Amino acid sequence: MKTINKVLLQKLLFFVLAIFCISPFASSPVALALGIAFTIIIGNPYEQYLHKYIHLLLQISIVGLGFGLKLDEALQAGKEGITLTVMSISTVMILGYFLGKLLKLEKPLSYLISVGTAICGGSAIAAVSPIIKPSTKQISLALAVVFTLNSVALFIYPALGHLLHMTQEQFGLWCAIGIHDTSSVVGAANKYGDIALKIATTVKLSRALWIIPISLLTMVFFKTKGAKVKIPWFIGYFIAAIILNTYFPVFDGFSKVATVAAKSGLNLTLFFIGTTISVQTLKTISWKPLFLAIVLWVTVSVGSLLFILK
């Protein structure tokens with residue numbers, strides 16, 4: 001009886017916190033922190049079900065944010081970020097390869113961490129995993145490392161941005177390059193301001209498109225035959241939303257509602273992500289992959305920051 005009551009309490013509190021996260025009173029860091037605290041203190045009754053919904057909810061939220069952008073804004077942001085994107089991806093992949101060999105890490109594991117840091121966190125890891133065929137443990141470890149640092153970034157990036165008196169334009173570009181996963185990029189930028197959010201979302205999704213060429217190069221690097229390249233189709237819907245918002249005034253009313261709903265959906269996504277980060281997950285992380293991930297993250301974060309502020 002006590003066990004049943006405990007589970008019911010867990011589920012009730014989960015839904016109460018989820019509802020709070022989609023309210024105007026929540027912010028991205030608060031939603032993530034609530035998710036982490038909930039799992040560590042109480043336990044997540046839905047952990048095994050959430051993973052398949054996190055990416056879907058994130059993609060829907062990103063498309064919704066597209067209705068808050070005009071095409072000229074998106075093109076300008078993409079143009080400004082392309083140089084940094086190419087430089088950061090190249091640097092992380094090369095440094096990750098040699099540092100992984102120096103640390104004597106398993107090749108698939110170091111590659112997953114490098115790709116996750118270079119492009120877009122869990123999405124990139126999921127995209128190349130069928131190609132390089134790592135073990136389940138290696139995938140889990142890479143995801144745990146990347147998502148942990150990704151969560152840390154959501155808290156420290158806005159604080160550093162304000163400390164360095166960065167403009168919204170500068171901050172939006174910086175977090176799009178320096179933070180791993182799309183959810184935390186958009187979450188950090190959303191906390192900083194609307195202009196930062198627009199730039200960060202556009203640059204980050206432009207960066208996410210590099211999943212395609214990286215996947216093709218991965219086939220060559222690992223000599224994999226017959227593997228399929230996972231294309232992030234939702235980015236096409238994001239672009240379609242921008243076009244509708246730019247050229248069809250009839251969508252003006254809908255665009256405002258969609259943008260507000262998308263921000264709430266993003267907060268809910270971050271709450272869900274937080275609930276998947278448990279003490280057991282953190283215990284699986286050993287020092288070598290964590291060291292590799294931190295070095296890569298600090299390198300791209302500091303390097304892109306210096307480039308932007310010069």
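The shown structure was predicted, so the numbers you read here are calculated from the model rather than taken from an experiment.

A look at the packing of aromatic side chains
Move 1: Tallied over the full model, the rule gives 20 aromatic pairs.
Move 2: Measuring from centroid to centroid gives 5.0 Å for tyrosine 111 and phenylalanine 222, while their planes differ by 75°, and the two rings are edge-to-face. With tyrosine 111 in helix 5 (residues 107–118) and phenylalanine 222 in the loop between helix 11 (211–221) and helix 12 (234–247), the pair connects residues that are 111 residues apart, well separated along the chain.
Move 3: When its relative accessible area of 10% is taken as the criterion, tyrosine 111 is described as buried.
Move 4: Residue class for phenylalanine 222 comes out buried when judged on its relative accessible area of 19%.
Move 5: Residues phenylalanine 251 and phenylalanine 254 carry aromatic rings whose centres are separated by 6.4 Å and whose planes lie at 70° to one another, so their mutual orientation is edge-to-face.

So, the packing of helix 2 (residues 28–41) against helix 13 (residues 252–275)
Move 1: Contact pair helix 2 / helix 13: the axes reach a minimum separation of 7 Å and the direction vectors enclose 30°. Taken as axis vectors, helix 2 and helix 13 run roughly parallel relative to one another. The two elements helix 2 and helix 13 cross, and the hand of that crossing is right-handed. Residues Ser28, Ala31, Leu32, Leu34, Gly35, Ile36, Phe38 and Thr39 of helix 2 pack against Leu266, Asn267, Leu270, Phe271, Ile273, Gly274 and Thr275 of helix 13.

Points about helix 11
Because an α-helix packs 3.6 residues into every turn, residues spaced three or four apart end up facing the same way.
Move 1: Of the residues making up helix 11, those classed as buried are Ile211, Ile214, Ser215, Thr218 and Met219. Viewed along the axis of helix 11, the buried residues span an arc of 150°, placing them on a single side of the element. The outward face of helix 11, more than 90 degrees from its buried face, is lined by the exposed residues Leu217 and Val220.
Move 2: The secondary structure elements touched by the buried residues of helix 11 are helix 4 (71–102), helix 5, helix 6 (122–132) and helix 10 (194–208).

So, the nonpolar core
Move 1: Core analysis: the largest hydrophobic core is formed by 91 residues, its most contacted members being Ile119, Phe171 and Phe271.
Move 2: Setting aside its immediate chain neighbours within four residues, phenylalanine 271 contacts Phe14, Leu17, Ala18, Cys21, Ala31, Leu32, Leu34 and Gly35.

Some details on helix 5
Move 1: Under the 1.5 Å per step criterion, the end-to-end length of helix 5 is 16 Å for 12 residues, consistent within 8% with the ideal 16 Å.
Move 2: In terms of burial, helix 5 is largely enclosed, as 11 of its 12 residues are buried.
Move 3: When we look at burial in helix 5, the residues that qualify are Pro108, Leu109, Ser110, Tyr111, Leu112, Ile113, Ser114, Val115, Gly116, Thr117 and Ala118.
Move 4: Contact partners of the buried residues in helix 5: helix 4, helix 6, helix 7 (136–163), helix 10, helix 11 and helix 15 (287–309).

Notes on the environment of leucine 164
Move 1: Locating leucine 164 in the fold gives a position in the loop between helix 7 and helix 8 (168–178).
Move 2: With a relative accessible area of 40%, leucine 164 lands in the partly exposed category.
Move 3: Through-space distance from the C-alpha of leucine 164 to that of leucine 309 is 9.5 Å; in sequence the pair is 145 residues apart.
Move 4: When neighbours within four sequence positions are excluded, leucine 164 is seen to be in contact with Leu305 and Leu309.

Here's the deal with the packing of helix 5 against helix 11
Move 1: At their nearest, the axes of helix 5 and helix 11 sit 13 Å apart, and the two run at 165° to each other. Classified by the angle their axes make, helix 5 and helix 11 are roughly antiparallel. In this structure, helix 5 crosses over helix 11, and the sense of that crossing is right-handed. Facing Lys107, Tyr111 and Val115 of helix 5, the residues of helix 11 in contact are Ile214, Thr218 and Phe221.
Move 2: Looking at the contact of helix 5 with helix 11 residue by residue, the classes come out as four nonpolar, one polar and one charged.

What counts as what
Residues numbered from 1 in each chain as written. Predicted model: local features only at pLDDT ≥ 70, side-chain atom pairs only at ≥ 80, totals over all residues. Heavy atoms only, no water. Phe/Tyr/Trp six-rings, centres within 6.5 Å; stacked < 30°, edge-to-face > 60°. Helix = DSSP H or I, 4+ residues; strand = E, 2+ residues; numbered from the N terminus. Buried < 20%, exposed > 50% of the residue type's maximum accessible area, 1.4 Å probe, protein only. Axes fitted to C-alpha atoms, helices over the stretch in contact; angles between N-to-C directions. Parallel < 35°, antiparallel > 145°, perpendicular 65-115°, else oblique. Left-handed = near helix turned anticlockwise from the far one by under 90°. Contact = heavy atoms within 4.5 Å. Arc of directions from axis to C-beta. Core = buried A, V, L, I, M, F, W, Y, C linked by side-chain atoms within 4.5 Å. Expected span 1.5 Å × (residues − 1). Nonpolar A, V, L, I, M, F, W, Y, C, P; charged D, E, K, R; others polar.

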